[in-house]
Amino acid sequence: MNTNAAEQTKQNPLGYEKVGKLLLSFAIPSIISCLVNSIYNIVDQIFIGQGVGYLGNAATTVVFPLMTIVMAFATLIGSGGSAYASIMMGEGREKEAGLTLNNLLTISLGVGVLITVLGIVFLDPIPIRFGATEAVLPYAREYGSIVLLGVPFSILGIALSNMARVDGNPRLSMYGILIGAALNTVLDPVYIFIFHWGVKGAAVATITSQILSCVILTLYFARGGKHMSLHFSMMKPVARVCKMTMTLGVSSGITQLVACIMQVVMNNSLVYYGNQSEVTGDVALSAMGIVMKIVMILGSFCIGFGVGAQPILGFNYGAKNTTGSCRPTSPPCWPPPYPSP
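Please read these numbers as outputs of a predicted model, since none were measured by experiment. (Residues numbered from 1 in each chain as written. Predicted model: local features only at pLDDT ≥ 70, side-chain atom pairs only at ≥ 80, totals over all residues. Heavy atoms only, no water.)

J.: What exactly am I supposed to notice about the overall build of the protein chain here?
T.: What the protein chain contains, in helices and strands, is 12 helices and zero strands. Over its C-alpha atoms the protein chain spans a radius of gyration of 21 Å, differing by no more than 12% from the 20 Å that the globule rule assigns to 341 residues. Along the three orthogonal principal directions, the C-alpha set of the protein chain runs to about 70 × 40 × 35 Å. In the structure as shown, the protein chain presents an accessible area of about 15300 Å², 70% of it carried by carbon and sulfur atoms. (Helix = DSSP H or I, 4+ residues; strand = E, 2+ residues; numbered from the N terminus. Rg over C-alpha atoms; globule rule 2.2 N^0.38 Å. Areas by Shrake-Rupley, 256 points an atom, 1.4 Å probe, with all protein chains shown as cover.)

J.: What's the story with the state of the cysteines in this structure? I'm lost.
T.: Cysteine pairs can be covalently joined through their sulfur atoms, and such a bond is termed a disulfide. Under the defined criterion, the tally for this structure stands at zero disulfides. With no disulfide of its own, Cys34 lies 10 Å from the sulfur of Cys302, the closest cysteine sulfur. Between Cys242, a free cysteine, and Cys214, which holds the nearest cysteine sulfur, the sulfur-to-sulfur gap is 19 Å. (Disulfide = S-S within 2.5 Å.)

J.: Please explain the packing of helix α4 (residues 54-90) against helix α11 (residues 239-274) as it appears in this structure.
T.: A pair of packed helices is characterised by two quantities: the angle between their axes and the separation of those axes. Their axes nearest at 6 Å, the elements α4 and α11 cross at an angle of 160°. By the angle between their axes, α4 is roughly antiparallel relative to α11. Handedness of the crossing formed by α4 with α11: right-handed. In terms of residue class, the contact of α4 with α11 is made up of 19 nonpolar, 13 polar and no charged. (Axes fitted to C-alpha atoms, helices over the stretch in contact; angles between N-to-C directions. Parallel < 35°, antiparallel > 145°, perpendicular 65-115°, else oblique. Left-handed = near helix turned anticlockwise from the far one by under 90°. Nonpolar A, V, L, I, M, F, W, Y, C, P; charged D, E, K, R; others polar.)

J.: Quick question: what am I supposed to make of a nonpolar patch on the surface here?
T.: Together, Val113, Leu114, Val117, Leu118, Val121 and Phe122 make up an exposed nonpolar region whose accessible area comes to about 550 Å². By the element assignment, Val121 lies in helix α5 (residues 94-121). (Patch = residues over 30% accessible without salt bridge, like charges linked within 9 Å, V, L, I, M, F, W, Y side chains within 5 Å. Salt bridge = Lys/Arg side-chain N within 4 Å of Asp/Glu carboxyl O.)

J.: Even after reading the chapter, I still don't get unusual backbone geometry, so can you show me in this structure?
T.: The phi torsion of most residues other than glycine is negative, and most of the peptide bonds are trans. Positive phi outside glycine occurs at His196, with the angle close to 60°. With respect to the element layout, His196 can be found in the loop between α9 (170-194) and α10 (199-222). Here the phi dihedral of Thr280 falls at roughly 80°; this positive angle occurs in a residue that is not glycine. Within the element layout of this structure, Thr280 appears in the loop between α11 and α12 (281-318). Thr280 sits in the partly exposed class, given a relative accessible area of 32%. (Buried < 20%, exposed > 50% of the residue type's maximum accessible area, 1.4 Å probe, protein only.)

J.: Could you clarify how one ought to interpret the pattern of salt bridges in this entry?
T.: Opposite charge on two side chains makes pairing possible when the charged atoms of those side chains draw close. Under the counting rule described, the total for this entry stands at five salt bridges. Residue Lys21 pairs with Glu17 through a salt bridge whose shortest N-O separation is 3.8 Å. Looking at Lys21, the relative accessible area reads 52%, which means it is exposed. The class of Glu17 is partly exposed, set by a relative accessible area of 26%. Two residues, Asp124 and Arg141, come together in a salt bridge whose shortest N-O distance is 2.6 Å.

J.: Explanation requested: the side chain of Gln263 in the structure shown.
T.: Position of Gln263 among the secondary structure elements: in helix α11. Of note is the side chain of Gln263, whose polar atom sits 2.7 Å from the side chain of Thr68. When neighbours within four sequence positions are excluded, Gln263 is seen to be in contact with Phe64, Pro65, Thr68 and Met292. (Polar contact = N/O pair within 3.5 Å; in protein donor to acceptor, adjacent residues only side chain to side chain. Contact = heavy atoms within 4.5 Å.)

J.: Can you walk me through helix α7 (residues 137-147) in this structure?
T.: Note on helix geometry: an α-helix contains 3.6 residues per turn, so any two residues three or four positions apart are oriented the same way. Among all positions in α7, only Leu137, Ala140, Tyr143, Gly144, Ile146 and Val147 are buried. Here the buried face of α7 lies against α3 (19-51), α4, α6 (125-129), α8 (151-166) and α10.

J.: Please clarify how the packing of α7 against α10 should be interpreted in this entry.
T.: Contact geometry of α7 with α10 gives a least axis separation of 8 Å together with a crossing angle of 20°. The angle between α7 and α10 falls in the class roughly parallel. Where α7 crosses over α10, the two elements pack in a sense that is right-handed. Seen from α7, the contacting residues are Tyr139, Glu142, Tyr143, Ile146 and Val147; seen from α10, they are Val199, Lys200, Ala202, Ala203, Val204, Thr206 and Ile207.

J.: Help me understand α9 in this model?
T.: Taking 1.5 Å as the rise per residue, α9 with 25 residues should run 36 Å; its terminal C-alpha atoms sit 36 Å apart, in good agreement. Along α9, the sharpest kink reaches roughly 25°, centred on Leu187 and followed within four residues by the proline Pro189. For α9, the set of buried residues is Pro170, Leu172, Ser173, Met174, Gly176, Gly180, Ala181, Asn184, Leu187, Asp188, Tyr191 and Ile192. In this structure, the buried residues of α9 make contact with α3, α8 and α10. (Expected span 1.5 Å × (residues − 1). Bend = angle between axes of the 7 residues up to and from the residue.)

Below you can see the structure in the form of structure tokens.
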């Protein structure tokens, strides 16, 4: 391992701190973030159910696969980019990690704007394909048209949240989500019950919180993070960074896309079989939307632990710091498959 990598390992707690302590400091904020996000989604469903009715909840269930597609691209970019950046940090190549951060900003905004444009253009057929009935369609269209406007901020916020952990600041990611969720919880009843905006109010509250979280994380890197910062001169996409980001993040993206397909199939099945019973498809969609939000709480622990552990694994992989025969001071045990800048 080169001298720069050795010094980086000594200076960065990811390279020398005990694994147990690192897991606690990184995983706990991630788990809390996931839990808060899940609980917020349940509260959101409660407000929509009380202020709009079961058709409003059914509309969010129909739009949920679209949000899963957004999450697929967000995890593809965020997980892949943060994995590559953490490996570069471990190798002592902070400049390459900083370049990855700046490229992620450009890629996230570009992909987000593209999804927003395509979503608005195909706003009518998408909810129908995702299981919307005639009664649910107006609500789904109203909710989806506004939520789509927040997609660029959502993808960028998730990407920067991952990069904040790589930068050694897992609490910032947590604070960004906590503040956004708190704002959303306050705005939901205001927009739904006071302004009487219905599902439109819930959608406006959602994108407002996403924008705030995104701004908090962007300002952190714009003002200079611990190891990485934003610079306009580095935001032009670089082929090797894009390639490694997509390569390392493709598994996470595919997982989310498969989840989207499952949700679409389930929604259409709920409508088909629900209409053949006394329940009706609209009520079945509404009920499943609530159940899905509750299930998210159970998965928060596993997801939060995995997200928190990723920077630790990536950094020490890049630093060739393992618990076997390979030590930080020994020659590399394997050739790094990552191109030099």
